[in-house]
Amino acid sequence: IVSYVILDNNRFYAEGLRYALLRRNVPLQVHSDTVRWRSALLSCRVLVIRCRFSLAATHQKLVHILLRLEAASWQGRLYLVCNEKGWALATHLSKRFGTLTLHIIDDRIAVADAAYLLAKEPRRVRSLNCCLTGIEYNVLDLMLNGLPVRQIAFITHMSEKQVSTHKCNALKKLNANNLRQLLL
């Protein structure tokens, strides 16, 4: 049985974390790969996913993985490693997928420190006051998928002004001035 799986589109980080875990004499198997679903994830005990949540394609892959884990009633521990812009989205996902044991790790910490956190069972999950509401999350998601404000207003049964307000509120919470900053 595979104990740790590290998913990251930046293979250098994934391999660095894998190496750091092995150096801590973790008596378990550690594998790394890119962010994508595969059924072998169901057999791991700890899943670490590091990605830029603001990138639409990576975000969709992450949600797909979480949906599959939730549907299978997966009982392992899941760590989302994200930057400051991703905290609100990660917190929203942790609330959305409440049946999963989900922890958030700041990606600014050193790989060795991350390995230490993963080797120990954390008692405390990062709690963030900054969290997107469901509608803010949906509006941003639709915008990042290329829909204009008018179409989002039609789909969500809101006025264009309400859609813009939800977008602005979400951007403030994510410390971004515009959508382009979320994509960079």
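Reading the values: the criteria
Residues numbered from 1 in each chain as written. Predicted model: local features only at pLDDT ≥ 70, side-chain atom pairs only at ≥ 80, totals over all residues. Heavy atoms only, no water. Helix = DSSP H or I, 4+ residues; strand = E, 2+ residues; numbered from the N terminus. Contact = heavy atoms within 4.5 Å. Areas by Shrake-Rupley, 256 points an atom, 1.4 Å probe, with all protein chains shown as cover. Polar contact = N/O pair within 3.5 Å; in protein donor to acceptor, adjacent residues only side chain to side chain. Phe/Tyr/Trp six-rings, centres within 6.5 Å; stacked < 30°, edge-to-face > 60°. Lys NZ or Arg CZ within 6 Å of the ring centre and 35° of its normal. Pairing = 2+ DSSP bridges. Axes fitted to C-alpha atoms, helices over the stretch in contact; angles between N-to-C directions. pLDDT = per-residue confidence, 0-100.

Focus on the overall build of the protein chain
- Scanning the protein chain for helices and strands turns up 8 helices and 5 strands.
- Helices (α) and strands (β) of the protein chain occur, in sequence order from the N terminus, as β-α-β-β-α-β-α-β-α-α-α-α-α.
- Summarising the internal contacts of the protein chain: among those between residues at least 6 apart in sequence, 71% fall at separations of at least 24.
- Element-wise, carbon and sulfur atoms account for 52% of the exposed surface of the protein chain, whose accessible area totals about 9900 Å².

Here we look at the side chain of Asp33
- Checked against the element boundaries, Asp33 lands in strand β2 (residues 30-33).
- Side-chain polar atoms of Asp33 contact the side chain of Arg36, separated by 2.7 Å.
- Among all residues touching Asp33, those that are not within four sequence positions of it are Ile6, Leu7, Asp8, Arg11 and Arg38.

Some details on the packing of aromatic side chains
- A complete count under the given rule lists 0 aromatic pairs for this structure.
- The aromatic ring of Phe97 is capped on one face by Arg96, whose charged end is 4.2 Å from the ring centroid.

Some points on the sheet that holds strand β3 (residues 46-50)
- Strand order in this open sheet of 5 strands is β2-β1-β3-β4-β5, and the pairing throughout is parallel. Strands with a single pairing partner mark the edges of an open sheet, and in this sheet they are β2 and β5 (101-106). The sheet shows a mean angle of 20° between the axes of neighbouring strands, direction not considered.
- Relative to β2, strand β1 (residues 4-8) runs parallel, the two being bridged by 4 bridges. Looking at the pairing, Leu7 lines up with Asp33 of β2.
- Strands in contact with helix α1 (residues 11-23) are β1, β2, β3 and β4 (77-82); relative to β2, the strand with the most contacts, it is inclined by about 175°.
- Together, β4 and β5 form the strand contacts of helix α3 (residues 87-96), whose direction differs from that of β5 by roughly 170°.

Notes on unusual backbone geometry
- In the Ramachandran plot, Ser73 falls in the positive-phi region, its phi being about 55° despite a non-glycine side chain.
- Following the sequence through the fold, Ser73 ends up in the loop between α2 (56-71) and β4.

Considering the environment of Arg96
- Among the structural elements, Arg96 can be located in helix α3.
- For Arg96 and Gly134, which are 38 residues apart along the polypeptide, the C-alpha to C-alpha distance reads 9.2 Å.
- Contacts of Arg96, omitting those with residues within four sequence positions, involve Leu67 and Glu70.
- Side chain to side chain, Arg96 and Glu70 meet in a polar contact 3.2 Å long.

Considering the confidence of the model for the protein chain
- Mean pLDDT for the protein chain: 78, with 80% of residues reaching 70 or above.
- Across the protein chain, the secondary-structure element scoring lowest on mean pLDDT is helix α8 (residues 179-183), at 63, and the one scoring highest is helix α6 (residues 149-156), at 94.
- Here residues 123-130 is modelled with pLDDT under 50, and outside its nearest four sequence neighbours on either side it reaches 11 contacts, counting other chains as well.

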